[in-house]
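# Results of the structural survey
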Amino acid sequence: MGDQNEDKVVDNKCIFCNISNKMTANTQLLYEDDNYVIIRDIRPVVDHHYLLITKSHIKNVKQMKTREGIEMIKDMKRIGLQFMSDQTLTDELQLRQVFT
Ligand SMILES: [Zn+2]
C-alpha cells in the first residue's frame, strides 16, 4: 500500500498498527521514526503515561525471541529512555513496551 519498507508487516485490523502507520485520525504522535512511534496513553494512570509502538505488527511474544526481536527490544528501550530524558522525566514516567 505504497509502503517503502517491504519487510514491514501491518495488520489493518490491529489498533496499534493503525495508529503507528497513521491510519487513524487525531492520534498525536509524540515521537516517530522509521520503525516506532510514541503516543500518550488514552487512559493514563499516571501524569506521564506513554506507549511506544512498533510500526511492524508483532503477532506474538515468540516473535520477540528471535535476533530481530531482541534488537527491537533494545531499540525500544533506547528510544524510550531518550524520550524520557527529552521530556526531562525520570521516575514518574511509566514506560510500557507494547507488542502490537
Ligand atoms: Zn499491529
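Scope of this entry: the structure provided in the associated data block. From a predicted model like this one, the values you see are computed outputs, not experimental measurements.

Secondary structure assignment for the protein chain yields two helices and four strands. Walking the protein chain from its N terminus toward its C terminus, one meets helices and strands in the order α-β-β-β-α-β. Expressed as a percentage of its 100 residues, the buried residues of the protein chain come to 17%.

Turning next to the pairing of strand β2 (residues 36–40). Of the pairings in the sheet, the one linking strand β1 (residues 31–32) to β2 comprises two bridges and is antiparallel in character. Opposite Tyr 31, over in β2, you have Ile 38 as the bridge partner. Linking β1 to β2, which pair antiparallel, is a turn of three residues. As paired strands, β2 and strand β3 (residues 49–54) are joined by five bridges and run antiparallel to one another. Across the sheet, Ile 38 pairs through a bridge with Leu 52, a residue of β3.

What follows is about unusual backbone geometry. One non-glycine residue, Lys 22, lies in the positive phi region at around 60°. Here Lys 22 falls in the exposed class, since 12 other C-beta atoms lie within 10 Å of it.

Taking 1.5 Å of rise per residue, 20 residues should cover 28 Å, and helix α2 (residues 67–86) covers 29 Å from first to last C-alpha, within 8% of that figure. Turning to α2, its buried residues are Met 72, Met 76 and Gly 80. Looking straight down α2, one finds that the buried residues subtend no more than 65° of arc, so they occupy a single side. Turned more than 90 degrees from where α2 packs its buried face, Arg 67, Ile 70, Glu 71, Lys 74, Arg 78, Leu 81, Gln 82, Ser 85 and Asp 86 sit exposed.

Secondary-structure assignment places Ile 58 in the loop between β3 and α2. When the C-alpha positions of Ile 58 and Gly 69 are compared, they lie 9.2 Å apart, and in sequence the two are eleven residues distant.

Here is what the cut-offs are and how they apply
- Residues numbered from 1 in each chain as written.
- Predicted model: local features only at pLDDT ≥ 70, side-chain atom pairs only at ≥ 80, totals over all residues.
- Helix = DSSP H or I, 4+ residues; strand = E, 2+ residues; numbered from the N terminus.
- Buried ≥ 20, exposed ≤ 12 C-beta atoms within 10 Å, placed from the backbone.
- Pairing = 2+ DSSP bridges.
- Expected span 1.5 Å × (residues − 1).
- Arc of directions from axis to C-beta.

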